[in-house]
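Structural overview for review
Each chain, letter by letter, is given below.
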Amino acid sequence: MRPFVFVLCLFVLVACGALLMSCDDDDDDNDNDDNDVADDDDDVVDDDTTDDDIDDDDDDTGDDDTTDDDTGDDDTTDDDTTPQDPLYEKGMILPPDSLECYPEGAPPTNDCNHHGSAVAVLPDGTVAAVWYHGYREKSPDARIVWSLYDADADEWSWPEVLYDDPGRSEGNPTLWIDEDGVYYVFFVSIYGDGWNQSKVRLITSTDDGATWSDPVMLRNRYCWMTRHRPQRLDNGELLLPLYNECLAIPVFMRSPDNFATWTEEGHMSLTYFLEHMGQIQPALGLLDDGTLTAMTRDGFPTRRVKRMVSEDNGVTWTPSRITELPNSGTSIDQVVLANGHVVVVYNDSPETRFPLTVALSLDGGATFVARRNIDDECAEPPCSYSYPSIIQHPDRTIWVTYSHERDTISYVRFNEEWLAEGE
């Protein structure tokens, strides 16, 4: 019995540590989660970032000429490989501090929180951004809003409310459109005091966002949270990446019928926990050979973006392995382009949420051949450009939305030719 007791005790200790590390530090820039890097961080990282470790992932992703017919962005259908002129544009969806919010017991104010955006391409090619907005993170007035980009006018529409549960805080929405043009917004609502008391919900629209359904409760229990869009798998199933806010591990929901029905996959074994603890907010990418990858936010002192791989549609996963990309314990995202290349957006720092950077991979996200900052302008340090979301448009441009100092949502539009010019 002694070995069993030892392992059980170890599991309890580690779980408690993960619980303390993860709870309620999910989105808050003011929780100092960027400042808890150990003084010997470089030594810790160097022990686990050898070339051999990174190269091991190459076997899971196939050859460098990997292509992707189903990128997770079903609207990306342009297979024209004619080189484009380098393109880079940056702007804000709305001016800072311009959308009113409603603190409890106080007059309305424009000093509000904008955070957790997700970008998507609608069936007609319109780019949409959805995020949560309220007086503060987790404040009762926080609601889900969205804005649409008018390419002819070169401007975004004024944000509209998609969903607001009065008295509850909404957060971390993600927008996905199915092959029939139905819009899906996955999000969480807080039923207690913090993110660890969230429940996963879903609203849909069958009329291009003119009206929305009543919310469906996908998980009527605490701790699981949304962040990134689902992935259509080769077997036709839909896999929604989630994470356990209480234990700080990746979890998933799987549906064979676009969430008419679904199942939960918590992967709650000791082995899975030890191989993925501290890794949250998985961003999925599907390669042409059916290999499924997930890039995750790192909650450990290694302070690197981590990557896990599945060869069986997400039923089982390899251990999380570090990549060469730094991570300050904040959200990242990835997109598989129409040509099979992978672009990851992240904060290129192990300590801060600045600058915001994109990296290009030719081998499924195992290694990277080019990096460029998409926002490195900082008038009054410290600056925070965080929680990015990334997608590719049918015209092959790449769009990123992100939290700009929490006072608005910004966006960047660029192409691979511009990114490839980076070192």
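Residues numbered from 1 in each chain as written. Predicted model: local features only at pLDDT ≥ 70, side-chain atom pairs only at ≥ 80, totals over all residues. Heavy atoms only, no water.

The next thing to look at is the packing of aromatic side chains. Applying the stated rule across the entire model yields 20 aromatic pairs. Their ring planes at 65° and their centres at 6.3 Å tell us that tryptophan 146 and tyrosine 183 sit as a pair that is edge-to-face. Separated by 37 residues along the polypeptide, tryptophan 146 in strand S4 (residues 143-150) and tyrosine 183 in strand S8 (residues 183-190) bring together distant segments of the chain. Of the two residues, tryptophan 146 and tyrosine 183, neither departs from the other in class, the shared state being buried. Here the aromatic cluster, defined as three or more aromatic residues joined through ring pairs, consists of Trp176, Tyr184, Phe186, Phe259 and Trp262. Positioned above the aromatic ring of tyrosine 135, the side-chain terminus of arginine 136 is 4.4 Å from the ring centre. Taking NZ or CZ as reference, arginine 219 lies 4.1 Å from the ring centre of tryptophan 224, over its face. (Phe/Tyr/Trp six-rings, centres within 6.5 Å; stacked < 30°, edge-to-face > 60°. Helix = DSSP H or I, 4+ residues; strand = E, 2+ residues; numbered from the N terminus. Buried < 20%, exposed > 50% of the residue type's maximum accessible area, 1.4 Å probe, protein only. Lys NZ or Arg CZ within 6 Å of the ring centre and 35° of its normal.)

Here the focus is the state of the cysteines. Enumeration over the complete set of coordinates arrives at three disulfides. There is a disulfide in this structure between cysteine 223 and cysteine 246, and the S-S distance comes to 1.9 Å. Measuring handedness by torsion sign, the sulfur bridge of cysteine 223 and cysteine 246 sits at about -75° and is left-handed. Residue cysteine 223 is located in the loop between strand S10 (216-219) and strand S11 (224-226), and its partner cysteine 246 is located in the loop between strand S13 (238-244) and strand S14 (249-255); the two are separated by 23 residues in the primary sequence. Bridging cysteine 378 to cysteine 383, the disulfide has an S-S length of 2.0 Å. With the S-S dihedral at roughly 95°, the linkage between cysteine 378 and cysteine 383 falls on the right-handed side. Here cysteine 378 falls in the partly exposed class, since its relative accessible area comes to 24%. With its disulfide-bonded cysteines labelled consecutively along the sequence, the protein is connected as 1-2, 3-4, 5-6. (Disulfide = S-S within 2.5 Å.)

A few words on the sheet that holds strand S7 (residues 170-177). Spatially, S7-S8-S9-S10 is the arrangement adopted by the four strands of the open sheet, whose pairing is antiparallel. The open sheet has two edge strands with one neighbour each: S7 and S10. Geometrically, the sheet is characterised by an average inter-axis angle of 25° between neighbouring strands, direction not taken into account. Relative to strand S9 (residues 198-205), S8 runs antiparallel, the two being bridged by eight bridges. Within S9, the residue paired with phenylalanine 187 across the bridge is arginine 201. (Pairing = 2+ DSSP bridges. Axes fitted to C-alpha atoms, helices over the stretch in contact; angles between N-to-C directions.)

What follows concerns the side chain of lysine 306. Topologically, lysine 306 is positioned in strand S18 (residues 304-310). This buried residue, lysine 306, is left without a salt bridge; aspartate 298 holds the nearest opposite charge, at 4.2 Å. Beyond its immediate stretch of four places on either side in the chain, lysine 306 contacts Gln279, Ala294, Met295, Thr296, Asp298, Ser320, Arg321, Ile322 and Thr323. (Lys, Arg positive; Asp, Glu negative; His and termini not counted. Salt bridge = Lys/Arg side-chain N within 4 Å of Asp/Glu carboxyl O. Contact = heavy atoms within 4.5 Å.)

Turning our attention to a negative patch on the surface. Together, Asp150, Asp152, Asp154 and Glu155 line one region of the surface with negative charge. Mapped onto the secondary structure, aspartate 154 falls in the loop between S4 and strand S5 (155-156). (Patch = residues over 30% accessible without salt bridge, like charges linked within 9 Å, V, L, I, M, F, W, Y side chains within 5 Å. Areas by Shrake-Rupley, 256 points an atom, 1.4 Å probe, with all protein chains shown as cover. Charge placed at Lys NZ, Arg CZ, Asp CG, Glu CD.)

Here we come to the sheet that holds strand S21 (residues 342-347). Strand order in the open sheet made by the four strands is S20-S21-S22-S23, with antiparallel pairing throughout. Of all strands in the sheet, those with a lone pairing partner are strand S20 (333-336) and strand S23 (370-375), marking the two edges. The mean angle between the axes of side-by-side strands here comes to 20°, regardless of whether they run parallel or antiparallel. Sheet topology places strand S22 (residues 356-361) next to S23; five bridges connect them, and they run antiparallel. Note that in S23 the partner of alanine 359 across the bridge is arginine 371.

For the rest of this paragraph, the subject is the side chain of threonine 397. Relative to the helices and strands, threonine 397 is located in the loop between strand S24 (385-392) and strand S25 (398-404). At 2.5 Å, the side chain of threonine 397 and the side chain of aspartate 395 are in polar contact. The contact partners of threonine 397, leaving out residues within four places of it in the chain, are Leu87, Ile391, Gln392, Arg413 and Phe414. (Polar contact = N/O pair within 3.5 Å; in protein donor to acceptor, adjacent residues only side chain to side chain.)

Here the focus is the pattern of salt bridges. As enumerated under the stated definition, the model contains 18 salt bridges in all. Note that lysine 90 is salt-bridged to glutamate 377, the shortest N-O span being 3.5 Å. Residue lysine 90 is found in strand S1 (residues 88-92), and its partner glutamate 377 is found in the loop between S23 and S24; the two are separated by 287 residues along the sequence. Residue classification places lysine 90 among the partly exposed residues on the basis of a relative accessible area of 32%. A salt bridge links arginine 372 to glutamate 421; the nearest nitrogen and oxygen atoms lie 3.3 Å apart. Note that arginine 372 is positioned in strand S23 and glutamate 421 in the segment after helix H6 (416-420), a separation of 49 residues in sequence. Via salt bridges that share partners, Glu89, Asp395 and Arg413 belong to a single interconnected network.

Within soluble globular proteins, side chains that are nonpolar generally end up buried alongside one another. Ranked by size, the top nonpolar core spans 53 residues in total, and within it Leu175 and Trp317 carry the most contacts. Beyond its immediate chain neighbours, meaning those up to four positions away, leucine 175 contacts Ala118, Ala120, Leu122, Ala128, Val130, Trp146, Tyr183, Tyr184, Val185 and Arg229. Counting 20 residues, the second-largest nonpolar core is a separate cluster that includes Val335, Phe354, Leu356 and Leu419. (Core = buried A, V, L, I, M, F, W, Y, C linked by side-chain atoms within 4.5 Å.)

This part is about the pairing of S18. Regular strands place their side chains on alternate faces of the sheet. Within S18, seven of the seven residues are buried, which leaves it mostly tucked inside the rest of the structure. Between strand S17 (residues 292-298) and S18, which pair antiparallel one after the other, the connecting turn spans five residues, and arginine 303 there sits at a positive phi close to 50°.

To continue, consider the environment of proline 108. Along the chain, the position of proline 108 falls in the loop between S1 and strand S2 (113-121). Put simply, proline 108 and tyrosine 135 are 27 residues apart on the chain and 8.8 Å apart in space, counted from C-alpha to C-alpha. Excluding residues within four positions of it along the chain, proline 108 makes contact with Glu100, Cys101, Tyr102 and Pro103.

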